[in-house]
Amino acid sequence: MSQSETGTIFYGPIVNPKSLSSFQTLPRCLVAVGPSGEIDWIEEDVPKRALQDILAQHRSLDVPLLTLKHGEFLLPGFVDTHTHAPQVPNIGSGQQYELLDWLHEVTFPMEARFGDVDFARRAYSLIVKRIIDSGTTTCCYYGTLHLEATTILAEIVNGYGQRAFVGKCNMDRNSPEHYVEPSVSESIDATLCLISRIRSLPQPRLVEPVLTPRFAISCTSDLMYQLGDIARADPSLRIQTHMSENLGEVRKTLDLFPTASSYADVYDKHGLLGQRTILAHAIHLEQDEVVLVKERGAGVSHCPASNFNLRSGVCPVGKLLDHGIKVGLGSDVSGGFSPSILTAIQQASIASKVLAMQAPIASSGPTRYAGHHLPLATLLHLATLGGAQVCGLENRIGSFAPGKAFDALLVSVRGDAANPGLWGVDLVKELHAEPADKEQLDTWLERFLFTGDDRNIKRVYVQGRWIGGAEHDPCGPGRSSLVTDVVQSMLYDM
Ligand SMILES: Nc1nc2[nH]cnc2c(=O)[nH]1
Ligand SMILES: [Zn+2]
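Residues numbered from 1 in each chain as written. Chains lettered and ligands numbered in written order. Predicted model: local features only at pLDDT ≥ 70, side-chain atom pairs only at ≥ 80, totals over all residues.

(A) Local environment of the overall build of the protein. Along the protein, the regular secondary structure elements total 17 helices and 17 strands. Whereas a compact globule of 494 residues would reach a radius of gyration of roughly 23 Å, the protein reaches 22 Å, a difference of no more than 12%. Here the C-alpha coordinates of the protein stretch approximately 70 × 55 × 45 Å along the principal axes. (Helix = DSSP H or I, 4+ residues; strand = E, 2+ residues; numbered from the N terminus. Rg over C-alpha atoms; globule rule 2.2 N^0.38 Å.)

Here it is in structure tokens:
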């Protein structure tokens, strides 16, 4: 019998997010994944001596058992609520620019290259693999404005088995002549075509289309109204866009839409602000916009690396959380300089510490998060369950529970993972009892979140399928800079 017919049972430590303020660390847990990739059952505390009895009770003695080594643990896969696949080849360049100049000088020229479908196919194969190996099991992808290249992106994502939303940028104004859609009708036709193509991709399909008006500056009102109509007619469609990222962008938006009372109101008036909307950035919101975003039930993708890198500002995430707004993390490549949600976690921590240092406030009252650094539980939540909420997938992914999909990372903080940043963990292992206890597992988690990278992500599972990670291919993971080098060299080859 093959593994896909029987499923797999994992035995070892797991970390399980529960809420914004809590997670479980379970040092000796059994997680049974069925043949369909869903979690069948979980036993939270199983000593080695009781293992056979518990498996027998579940009639699972013949199911393949994967026992984790000392220094390994399972974590729900990361959710990247905002990234731009065609910008990966640009990672690290254009450090001198702020948003609007950066778009014109760095970003649009690279995105325009994806008009060449051969280039798109070769680049996206490397890019998506790299993102999976970084531990992203669910990804909200922006493509370019091209229908063909974005179809290819969706095909490649589906081929790898990643869970994702893929959207074609809508942009019919304020863009370069060579990189702009010629009319509203062509933008809408291409969008509808992409939706139907994605929905016809072969099963098992974990890719969904998403409406992607780039941002209000690059869309005419007519285009946004028509996208709003499409969203209203199809309650399963998500919408992703940028909002209130940079003060110059906010000013320009309000100039372009003089009857709107705010940036958020622009999207609201066009039927684009609702429970299915993912708003990247949301840094400079006025108080009435915070209230509107909460009322409409939209989610925010916090992209701290990008916000620092483009000098856009520091998103007051704590304030958004205090208002009950759904928040997840985004890598926002190549505004952000890393496709890894680990980097987003580290930068989100720093962003919250910057705000806390600037405005120290009392730790009681309604501001539970504003003014404080984000604790580990909150950072973990943003990277997993919070991201799932932003995508409307909280019942499917983001934590381990029977009935949820097994989207997971097998993490190793062992010395043989070859990450010098984590050597300390291995060196002190003699000081700890085997198997790991809760305290030790907490240490591993914190050390991994702050110093880990794709070398420590040995396996990436989506819907129970092992689709990536350092152990997945014999050549090792797509180490960050290397894959960019390959894509860069393709550029010069062509
Ligand atoms: N960070 C970022 N902001 C945007 N606003 C409009 N387009 C973009 C983009 O590609 N990246
Ligand atoms: Zn972006």
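On we go.
(B) The site of ligand 1, seen in detail. Around ligand 1, the neighbouring residues are His84, Leu99, Leu103, Thr107, Arg214, Phe215, His242, Glu245, Ser306, Asp332 and Gly335. The element best represented in the shell around ligand 1 is helix 3 (residues 99-112), accounting for three residues. Per-class residue counts for the shell around ligand 1 are three nonpolar, five polar and three charged. (Near = placed C-beta within 6 Å. Nonpolar A, V, L, I, M, F, W, Y, C, P; charged D, E, K, R; others polar.)

(C) Structural context of the packing of helix 4 (residues 117-133) against helix 5 (residues 147-160). Running from amino to carboxyl end, helix 4 crosses helix 5 at an angle of 40°, the nearest separation of the two axes being 9 Å. Crossing of helix 4 over helix 5 shows right-handed handedness. In contact with Val117, Ala120, Arg121, Tyr124, Ser125, Val128, Lys129 and Ile132 of helix 4, helix 5 contributes Glu148, Ala149, Ile152, Leu153, Ile156, Val157 and Tyr160. The residue makeup of the contact of helix 4 with helix 5, split by class, is eleven nonpolar, one polar and three charged. (Axes fitted to C-alpha atoms, helices over the stretch in contact; angles between N-to-C directions. Left-handed = near helix turned anticlockwise from the far one by under 90°. Contact = placed C-beta atoms within 7 Å.)

(D) Quick look at the nonpolar core. Within the largest apolar cluster, 135 residues are counted, with the highest numbers of intra-cluster contacts made by Val31, Leu153 and Val166. Aside from chain neighbours lying at most four places away, what touches Val166 is Tyr141, Gly143, Thr150, Leu153, Ala154, Val157, Ile198, Val207, Pro209 and Val210. (Core = buried A, V, L, I, M, F, W, Y, C linked by C-beta atoms within 7 Å. Buried ≥ 20, exposed ≤ 12 C-beta atoms within 10 Å, placed from the backbone.)

(E) Representation of helix 4. With 17 residues, helix 4 should reach 24 Å at 1.5 Å per residue; the first-to-last C-alpha distance of 24 Å fits that figure. When we look at burial in helix 4, the residues that qualify are Ala120, Ala123, Tyr124, Ile127, Val128, Lys129, Arg130, Ile131, Ile132 and Asp133. With its phi angle positive at about 100°, Gly135 sits one or two positions after the end of helix 4. (Expected span 1.5 Å × (residues − 1).)

(F) The environment of Ser261, seen in detail. Topologically, Ser261 is positioned in the loop between helix 8 (247-256) and helix 9 (263-269). For Ser261, a count of 15 C-beta atoms within 10 Å gives the class partly exposed. Sequence separation between Ser261 and Thr212 is 49 residues, and the spatial gap between their C-alpha atoms is 23 Å.

(G) Broad picture of the pairing of strand 12 (residues 277-281). For strand 12, the buried fraction is high: five of the five residues fall into the buried class. Across five bridges, strand 11 (residues 238-243) lies against strand 12 in parallel orientation. Bridge pairing in strand 12 links Gln240 to Ile278. Relative to strand 13 (residues 299-302), strand 12 is paired through three bridges, and the arrangement is parallel. Note on strand 13: the bridge partner recorded for Leu279 is Val300. The handedness of the strand 12 to strand 13 crossover, carried by helix 10 (residues 287-296), is right-handed. (Pairing = 2+ DSSP bridges. Right-handed = clockwise from strand over helix to strand, strands pointing away.)

(H) Up close: unusual backbone geometry. Residues Gln203 and Pro204 are joined by a peptide bond in cis, for which omega reads -5°. Of note, Pro204 is situated in the loop between helix 6 (184-199) and strand 10 (207-213). Residue Ser334 is bonded to the preceding Val333 through a cis peptide linkage, with omega at 5°. You will see that Arg59, though not glycine, has its phi angle at about 50°, which is positive.

(I) Looking closely at the confidence of the model for the protein. Looking at the protein, pLDDT values average 93 and 91% of them are 70 or higher. Here residues 476-483 scores under 50 on pLDDT; set against residues more than four positions off or in separate chains, the count is 15 contacts. Reported confidences for the modelled complex are a pTM of 0.95 and an ipTM of 0.99. (pLDDT = per-residue confidence, 0-100.)

(J) Summary view of the packing of helix 5 against helix 6. At a minimum axis separation of 10 Å, helix 5 and helix 6 run at an interaxial angle of 20°. Viewed along their axes, helix 5 and helix 6 adopt a mutual orientation that is roughly parallel. Seen from above, helix 5 lies across helix 6 with right-handed handedness. Residues Leu147, Thr150, Thr151 and Ala154 of helix 5 form the contact with helix 6, whose own contacting residues are Ala190, Cys193, Leu194, Arg197 and Ile198. Here the contact of helix 5 with helix 6 is built from residues that sort into six nonpolar, two polar and one charged. (Parallel < 35°, antiparallel > 145°, perpendicular 65-115°, else oblique.)

(K) Looking closely at helix 13 (residues 341-358). For helix 13, built from 18 residues, the straight-helix expectation of 26 Å at 1.5 Å per residue is met to within 8% by its first-to-last C-alpha distance of 25 Å. Among all positions of helix 13, only Ile341, Leu342, Thr343, Ala344, Ile345, Gln347, Ala348, Ala351, Ser352 and Leu355 are buried.

(L) Seen up close, the pairing of strand 2 (residues 22-33). Of all twelve residues in strand 2, nine are buried, a share of seventy percent or more. Where strand 1 (residues 8-19) hands over to strand 2, the hairpin turn is made up of two residues, counted between the paired strands. Across four bridges, strand 2 lies against strand 3 (residues 39-43) in antiparallel orientation. Within the sheet, the bridge partner assigned to Val31 lies in strand 3 and is Ile42. Between the end of strand 2 and the start of strand 3, which pair antiparallel, lie five residues, with Gly37 showing a positive phi angle near 90°.

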